[in-house]
Amino acid sequence: MKILHTADLHIGGAFAGFPPKVAAEMRRKGVLVFGKIADYAKENGITKFLIAGDLFDTSMPSADMRDAVLSVFRQHSGISFYLINGNHDSDLPLEFRMRLPENVFLFGKGISEYDLGESVSLFASDDETIDAKDLSLNPERTNILMFHAAVGAKIDRCLINPDCFEGKPLDYLALGHYHSYSSGKCGRGEYVIPGTPAARGFDDTGEKGFVVFDTEKRTHEFVPTNESEFFVLTYELKGEEVDISALSDFLLKSGAEKGDYVKLILTGKTSTLRVDCEYIGKRLGSGFGDIRVEDKTAIADEEFGSSALYEEFRNIVLADKELTTDDKNEILRYGYAALKGENVDSL
């Protein structure tokens, strides 16, 4: 038997900080990704589907998001979905729970057991603080345990210690919560965190996907979703003005592709008084899901000239230990403009 394991889809997220059109597109993609994963299961004859928490991004998802998820469940009636709540969607509306079709099984606080067939047992709860010694696992069966938790040194909300299952006939610990894939030894098998199948922001970089567990071989496979990725890229200037063509070439070589989301951080030294990040983003943004440019550059030393006043001003600013590097660069820009007779209000 093969069992699909996913978690942390965060459907219906607000995506704060993104332009409204981009945020709406990302919410739409969240539901589409869920549907694509269910399609993968159907096409590959997988009839058991684990969702280890945070299917939604909130306990009160919008009606259209709830309807879209219910539609995926109904369109894949040949698949049994086993669902636990996460820390984001811990108390879904009664209306949604009452409308769940018969092929969806929602776990509560206590440990519940389902016989998946072929001598495979699934135990699950949305309370990961349950003590392992409370579990009675039949060593003659393949035993799967599902929590919305990541790996930690203790057992706490959203943390679980795999060492507590040492000596237990546990074959697969299906986890969630963390958004990057990882696995390790647990019981007589392994724990797996599939990560989120679709990145949610620039703090959520790297390849995303889901996992398929083979109960006969007792091994798992990570399956990439190949959805839009988030890239945080750094480009260092060497004292020159910003060159759009050079930045375009840099992006082409970075691995970022059409539909991806890019944060481009400009560092180093520039001869430009003020880097126009909005303009650069518009010039580079064609084809990307979203691109934002951040200016972390400093004025090139030679731009200050040989004036003793320039040098003294620069040394005073750089010597101030209470200022961050970004603060110093900003002060130097304004000071540079003032000393050159520029209009600082235009910066």
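Reading the values: rules and limits
Residues numbered from 1 in each chain as written. Predicted model: local features only at pLDDT ≥ 70, side-chain atom pairs only at ≥ 80, totals over all residues. Heavy atoms only, no water. Helix = DSSP H or I, 4+ residues; strand = E, 2+ residues; numbered from the N terminus. Rg over C-alpha atoms; globule rule 2.2 N^0.38 Å. Buried < 20%, exposed > 50% of the residue type's maximum accessible area, 1.4 Å probe, protein only. Contact = heavy atoms within 4.5 Å. Areas by Shrake-Rupley, 256 points an atom, 1.4 Å probe, with all protein chains shown as cover. Axes fitted to C-alpha atoms, helices over the stretch in contact; angles between N-to-C directions. Parallel < 35°, antiparallel > 145°, perpendicular 65-115°, else oblique. Nonpolar A, V, L, I, M, F, W, Y, C, P; charged D, E, K, R; others polar. Pairing = 2+ DSSP bridges. Left-handed = near helix turned anticlockwise from the far one by under 90°. Disulfide = S-S within 2.5 Å.

Turning to the overall build of the chain, a few remarks are in order. Secondary structure assignment for the chain yields seven helices and 18 strands. Here the C-alpha atoms of the chain give a radius of gyration of 26 Å, more than 25% beyond the 20 Å that 2.2 N^0.38 yields for 347 residues. Over its C-alpha atoms, taken along the principal directions, the chain stretches across nearly 85 × 40 × 35 Å. Counting only residues that meet the buried cut, the chain has 50% of its 347 residues in that class. The contacts in the chain between residues at least 6 apart in sequence include a share of 65% that link residues at least 24 apart. Accessible area of the chain: about 16,600 Å², with a carbon and sulfur share of 48%.

This part is about the packing of helix α1 (residues 20-43) against helix α2 (residues 63-75). Relative to each other, α1 and α2 sit at 10°, their axes nearing to 10 Å. The orientation of α1 with respect to α2, classified from their angle, is roughly parallel. Side by side, α1 and α2 meet where Arg-27, Val-31, Phe-34, Gly-35, Ala-38 and Lys-42 of the first sit next to Met-65, Ala-68, Val-69, Val-72, Phe-73 and Gln-75 of the second. For the contact of α1 with α2, the class distribution of residues is eight nonpolar, two polar and two charged.

What follows is about the pairing of strand β7 (residues 142-146). Across the five residues of β7, five count as buried, placing the element largely inside the fold. The side-chain alternation of β7 yields two buried faces, one formed by Thr-142, Ile-144 and Met-146 and the other by Asn-143 and Leu-145. Pairing between strand β6 (residues 120-124) and β7: five bridges, direction parallel. Within β7, the residue paired with Leu-122 across the bridge is Ile-144. Strand direction decides the pairing type here: β7 and strand β10 (residues 172-174), joined by three bridges, are parallel. Opposite Ile-144, over in β10, you have Tyr-172 as the bridge partner.

Among the secondary structure elements, Val-192 is positioned in strand β12 (residues 189-193). Along the primary structure Val-192 and Asp-203 are separated by eleven residues, whereas in three dimensions their C-alpha atoms are 21 Å apart. Aside from chain neighbours lying at most four places away, what touches Val-192 is His-5, Tyr-172, Leu-173, Ala-174, Leu-175, Tyr-181, Ser-182, Ser-183, Val-211 and His-220.

Backbone geometry places His-177, a non-glycine residue, at a positive phi of 80°. In this fold, His-177 is placed in the loop between β10 and β11 (182-186). One non-glycine residue with positive phi stands out, namely Asn-226, at about 55°. Among the structural elements, Asn-226 can be located in the loop between β14 (219-224) and β15 (230-238). On the basis of relative accessibility, which here comes to 68%, the residue Asn-226 falls in the exposed class.

Strand pairing in a sheet takes place through backbone hydrogen bonds and is either antiparallel or parallel in direction. With mixed pairing, the six strands of this open sheet are ordered in space as β5-β6-β7-β10-β12-β11. Because the sheet does not close on itself, it has two edges, and the strands there are β5 (112-117) and β11. Within this sheet the neighbouring strands show an average axis-to-axis angle of 20°, counted without direction.

Helix α5 (residues 277-284) packs onto helix α4 (residues 244-254) with a crossing angle of 55° between their chain directions and a minimal axis gap of 10 Å. When the axes of α4 and α5 are compared, the pair comes out oblique. As for the relative orientation of α4 and α5, their crossing is right-handed in sense. Across from Ile-244, Leu-247, Ser-248 and Leu-251 in α4, the residues of α5 making contact are Ile-280, Arg-283 and Leu-284. Among the residues making up the contact of α4 with α5, the classes are represented as five nonpolar, one polar and one charged.

Here we have six strands laid out as an open sheet, ordered β4-β3-β2-β1-β13-β14, and mixed in their pairing. Because the sheet does not close on itself, it has two edges, and the strands there are β4 (104-106) and β14. For this sheet, the mean angle separating the axes of adjacent strands, direction not counted, is 20°. Relative to strand β13 (residues 209-214), strand β1 (residues 2-6) runs antiparallel, the two sharing four bridges. The residue bridging Ile-3 from the neighbouring strand is Phe-213, located in β13. Lying over the sheet, α1 contacts β1, β2 (48-52), β3 (80-84), β13 and β14, oriented at roughly 150° with respect to β2.

Before going further, it helps to examine the state of the cysteines. Enumeration over the complete set of coordinates arrives at zero disulfides. As a non-bridged cysteine, Cys-164 has Cys-186 as the owner of its nearest cysteine sulfur, 6.9 Å distant. Here Cys-164 falls in the partly exposed class, since its relative accessible area comes to 28%.

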